[in-house]
Amino acid sequence: MSSARPSKLSRSLTHFVLIVLAIVVLLPYAWLLVASLKSREDFFSGMFFPPGDGFLGISWESLTLSNYTTLMDMGFGRAAINSVFYASTSAVFATFICAATGYVLAKSKFRGRTFMTLVVLGSLIVPPTLLIAPSYELLFHLGLLDSVWGLLLPTFAPAFGVFLFRQAVQQSVPDELIEAARIDGCSEAGIFMVIVLPLIRPMIGAFLLITFLGMWNNFFSPQIVLQTASKQPLSVAISQLRGVYRTDYGLLMAATVVSIAPVAALFLVLQKQFISGLTSGAVKG
Amino acid sequence: MMSRLSTNKTVFAWAALTPFILLFSIFMVYPLIQSAFLALNQTYGPDTRLFVGTKNFELLVHDPVFWTAIKNTLIYSLGSLFIQLPLAFGLALVLNSRRLRGRSIYRLIFFSPQLMGLAFVAVLGALAFEKRAGLVNRTLAWIMQDASLLEIDWLQEYIMSTLILISLWLYVGFNMIYFLAALQNVNNSLLEAAEIDGAGPLNKLRHVIIPSVRPVATFVVLLSMIGSLQLFELPYILLNGNGGPNNKGLTIVMYLYQNGFELGDLGYASAVGWALALMLIVLALIQIRMVRKEEALR
């Protein structure tokens with residue numbers, strides 16, 4: 001930005017500060033990963049690796065996967081499967097429903113369009129805290145408490161998704177293209193599937209990611225809606241694990257690694273979409 | 001021909017809208033209307049309602065625990081904000097230099113904690129801030145060479161500081177991304193003009209850079225406030241479901257949760273929800289005005 005070439009000293013000082021900060025951010029991950037491989041006896045020997053006479057003065061052979069196998073024996077794998085199912089179902093349905101609604105609000109002319117757009121936009125400022133108690137009561141009356149659908153259905157129609165897709169369609173789908181397809185005899189559903197969806201692919205990718213991540217990380221809803229242990233996703237299962245095995249550090253570490261590894265892997269593959277998606281999703285307020 | 005086309009269009013439009021309209025009405029509009037009525041009732045679990053009028057709100061105003069929760073939540077919000085913002089802005093300034101090597105890697109690293117769900121962060125934080133065994137105390141004791149530092153009781157006695165420290169780890173990198181985007185919009189010719197006029201780096205910062213990122217800064221402030229006023233998962237899991245010693249770590253949403261789902265009074269919980277909603281709506285309205293203003297400027 002500045003045209004004056006920064007001096008060598010200030011450059012290395014900058015890097016020094018950045019590296020220290022990067023270490024502060026990364027250290028918890030490293031500690032987590034290493035400690036999840038330590039047995040209960042080794043936990044207090046050394047902050048990271050247990051000291052010994054192996055390579056680099058580390059006792060490599062005392063590292064173990066036993067925390068992970070114990071977790072699986074305790075049925076934690078079930079929670080992982082639940083999380084995958086909830087997050088992907090919620091992401092796919094929410095994306096499809098919001099894309100269709102956003103497209104119609106952007107391109108179709110019908111009575112009540114302005115009203116509906118205003119209602120959707122207005123609902124963006126409704127604080128979620130207002131809905132907690134009445135939603136619980138509603139799910140009770142619908143018989144959806146402790147049901148997977150009671151958890152999933154409310155996540156299928158997020159208003160901010162409609163807002164984002166309406167904007168995406170307005171920006172990247174020209175009217176002429178839709179008209180041309182219509183004249184060529186393409187059905188309305190065909191136009192949406194074959195012409196509109198491919199044009200808004202970047203938004204679809206970003207929205208799939210943020211809804212997937214949102215559901216994967218959601219703690220509040222499953223904590224309130226679900227009671228049966230075998231239905232719980234990772235977020236609730238891990239907090240219950242901590243409630244019971246507070247001092248079984250290795251086990252809790254392994255559970256955290258299992259919970260964040262899939263998201264970390266996704267992130268490394270799709271960094272760009274993640275950052276643009278998360279910053280756009282946050283605008284919902 | 002024309003009329004068949006337009007009926008097709010209408011049929012498709014309504015078919016595409018129906019799922020959203022149904023779900024939105026059931027899970028958004030209906031609970032929203034109910035939240036007004038529910039706040040005027042007392043309940044014992046979700047099946048009973050006893051009309052009490054405005055009693056819930058009268059009780060709330062005189063409820064010392066509620067005020068403790070508000071105080072804690074505000075301490076957390078303002079505390080994390082005032083440390084977070086300068087850090088995020090400073091990092092963005094440093095990372096904005098195009099000559100810096102590895103800036104995309106730094107960006108990635110600083111942003112990464114944002115991906116972790118709050119429940120997972122809470123468990124990791126609980127482990128890291130544990131007495132004796134935790135990473136934080138062990139690092140402190142190692143650096144200062146003082147074993148008594150192993151006994152710092154982050155999770156009970158200093159719960160508020162712990163929450164703020166965790167929030168820094170979580171959100172500084174996230175807010176940095178907004179500032180980085182804002183810095184891209186700083187007018188280069190203005191900077192050059194300032195330089196020709198002999199402005200030093202500090203003056204450039206004060207008179208050119210800060211004024212042009214101010215809208216984004218306001219946006220980030222409001223966004224963080226709206227988020228942090230709803231703090232729940234971190235203290236709930238760190239404190240194992242209660243407010244900690246003397247409710248030191250009780251937040252507004254935790255208090256809502258306790259009343260609604262532990263004591264079963266969804267009415268009182270709704271009243272707490274309305275009190276918080278009021279604060280959030282004010283912030284959201286300011287935010288909308290800001291966005292409008294910015295769009296008008298563009």
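Quick caveat: nothing in here was measured; it's all calculated off a predicted structure.

The next point concerns the overall build of chain B. Broken down by element type, chain B carries twelve helices and two strands. For 298 residues, the compact-globule formula gives about 19 Å, and the C-alpha radius of gyration of chain B, at 25 Å, lies well above that figure. If you line up chain B on its principal axes, its C-alpha atoms span 80 × 70 × 35 Å. With 298 residues in all, chain B has 51% of them scored as buried. In chain B, of all internal contacts separated by at least 6 residues, the share reaching a separation of at least 24 is 65%. Carbon and sulfur atoms provide 65% of the accessible area of chain B, an area that totals close to 14200 Å². Looking at charge distribution, chain B has the averaged site of its 21 positive side-chain charges lying 12 Å from that of its 16 negative ones.

Further remarks concern the overall build of chain A. Across its full length, chain A holds 14 helices and zero strands. Counting helices and strands in the order they occur from the N terminus, chain A gives α-α-α-α-α-α-α-α-α-α-α-α-α-α. Computed over the C-alpha atoms, the radius of gyration of chain A is 25 Å, more than 25% above the 19 Å expected from 2.2 N^0.38 for a compact globule of 285 residues. The C-alpha extent of chain A, read off along each of the three principal axes, is 80 × 65 × 35 Å. Scored against the burial criterion, the 285 residues of chain A give a buried share of 51%. Restricting the contact set of chain A to residue pairs at least 6 apart, pairs at least 24 apart contribute 72%. Total accessible area on chain A is roughly 13300 Å²; 68% of this is exposed by carbon and sulfur atoms.

As a further point, take the side chain of T95(A). By secondary structure assignment, the location of T95(A) is in helix α3 (residues 76-107). Excluding residues that lie within four positions of it along the chain, T95(A) makes contacts with F165(A), I204(A), F207(A), L208(A) and T211(A).

Attention now goes to the environment of W149(A). Within the secondary structure layout, W149(A) lies in helix α6 (residues 148-152). A residue is classified by how much of its surface remains accessible, and W149(A), at 43% relative accessible area, is partly exposed.

With that settled, consider the domain arrangement of chain A. All names here are of chain A. The domains assigned to chain A are domain 1 (9-64) and domain 2 (75-284). Placing a centre on the C-alpha atoms of domain 1 and another on those of domain 2 gives a separation of 36 Å. If you look at the interface, domain 1 gives eight residues, while domain 2 gives eight residues. For the pairing of domain 1 and domain 2, the buried interface totals around 710 Å² over both sides, and the portion due to carbon and sulfur atoms is 81%. For domain 1, the biggest contributors to the area lost against domain 2 are L32, S36 and R40; these three give 58% of the whole. Taken together, the connections running from domain 1 to domain 2 amount to zero salt bridges. For the interface between domain 1 and domain 2, the tally reads zero residue pairs in polar contact (both at pLDDT 80 or more). Class assignment for the residues of the side of domain 1 that touches domain 2 results in six nonpolar, one polar and one charged.

Let us look at the pattern of salt bridges. Counting across every chain of the model gives nine salt bridges over all chains. E188(A) serves as the salt-bridge partner of R182(A), at 2.7 Å between the closest nitrogen and oxygen. With a closest N to O distance of 2.8 Å, K248(B) and E157(B) form a salt bridge. Taken together, the positions of K248(B) in the loop between α10 (233-238) and α11 (252-262) and E157(B) in the loop between α6 (135-144) and α7 (159-184) put the pair 91 residues apart, joining distant regions of the chain. Residue K248(B) is classed as partly exposed on the basis of its relative accessible area of 28%. Residue E157(B) is classed as partly exposed on the basis of its relative accessible area of 39%.

Contacts between the two partners involve 96 residues from chain B, matched on the other side by 96 residues from chain A. Between chain B and chain A, a total of about 8600 Å² is buried, with carbon and sulfur atoms accounting for 78% of that surface. Of all residues in chain B, F20(B), L115(B) and F120(B) bury the most surface against chain A, accounting for 9% of the area lost on that side. Inspection of the region where chain B meets chain A yields two salt bridges. For the pair chain B and chain A, the interface holds eleven residue pairs in polar contact (both at pLDDT 80 or more). The biggest single contributor to the side of chain B that touches chain A is helix α1 (residues 2-38) of chain B, with 22 residues. The residue inventory of the side of chain B that touches chain A, partitioned by class, reads 68 nonpolar, 15 polar and 13 charged.

A separate point is the side chain of S35(B). In this fold, S35(B) is placed in helix α1. A relative accessible area of 0% places S35(B) in the buried class. With residues near it in sequence (within four places) discarded, S35(B) still touches L130(A), P134(A), S270(B) and W274(B).

Below, the discussion takes up the packing of aromatic side chains. Throughout the structure, instances matching the rule amount to 30 aromatic pairs over all chains. Every member of this aromatic cluster is reached through a ring pair, and the members are Y136(A), F219(A), F220(A), F232(B), Y236(B), Y257(B) and F261(B).

So, about unusual backbone geometry. Backbone geometry places D146(A), a non-glycine residue, at a positive phi of 60°. Structurally, D146(A) is set in the loop between α5 (132-141) and α6. On the basis of relative accessible area, D146(A) is assigned to the buried category, the value being 17%. With a phi close to 50°, Q145(B) is a non-glycine residue in the positive phi region. Mapping Q145(B) onto the fold places it in the loop between α6 and α7. The class for Q145(B) is exposed, based on a relative accessible area of 63%.

What follows concerns the nonpolar core. Within the largest apolar cluster, 190 residues are counted, with the highest numbers of intra-cluster contacts made by F76(A), Y103(A), I200(A), F207(A) and F110(B). The dominant element in this core, judged by the number of residues it contributes, is α7(B), at 17 residues. Shared between two domains, this core holds at least three residues of each, these being domain 1 (9-64) and domain 2 (75-284) of chain A. Every residue in contact with F76(A), bar those within four places of it in the chain, is listed here: L71(A), L234(A), A237(A), I238(A), L241(A), A255(A), V258(A) and S259(A).

Basis of the calculations
- Residues numbered from 1 in each chain as written.
- Chains lettered and ligands numbered in written order.
- Predicted model: local features only at pLDDT ≥ 70, side-chain atom pairs only at ≥ 80, totals over all residues.
- Heavy atoms only, no water.
- Helix = DSSP H or I, 4+ residues; strand = E, 2+ residues; numbered from the N terminus.
- Rg over C-alpha atoms; globule rule 2.2 N^0.38 Å.
- Buried < 20%, exposed > 50% of the residue type's maximum accessible area, 1.4 Å probe, protein only.
- Contact = heavy atoms within 4.5 Å.
- Areas by Shrake-Rupley, 256 points an atom, 1.4 Å probe, with all protein chains shown as cover.
- Lys, Arg positive; Asp, Glu negative; His and termini not counted.
- Charge placed at Lys NZ, Arg CZ, Asp CG, Glu CD.
- Domains from an automatic or database assignment.
- Buried area = accessible area lost by both parts, 1.4 Å probe.
- Salt bridge = Lys/Arg side-chain N within 4 Å of Asp/Glu carboxyl O.
- Polar contact = N/O pair within 3.5 Å; in protein donor to acceptor, adjacent residues only side chain to side chain.
- Nonpolar A, V, L, I, M, F, W, Y, C, P; charged D, E, K, R; others polar.
- Phe/Tyr/Trp six-rings, centres within 6.5 Å; stacked < 30°, edge-to-face > 60°.
- Core = buried A, V, L, I, M, F, W, Y, C linked by side-chain atoms within 4.5 Å.

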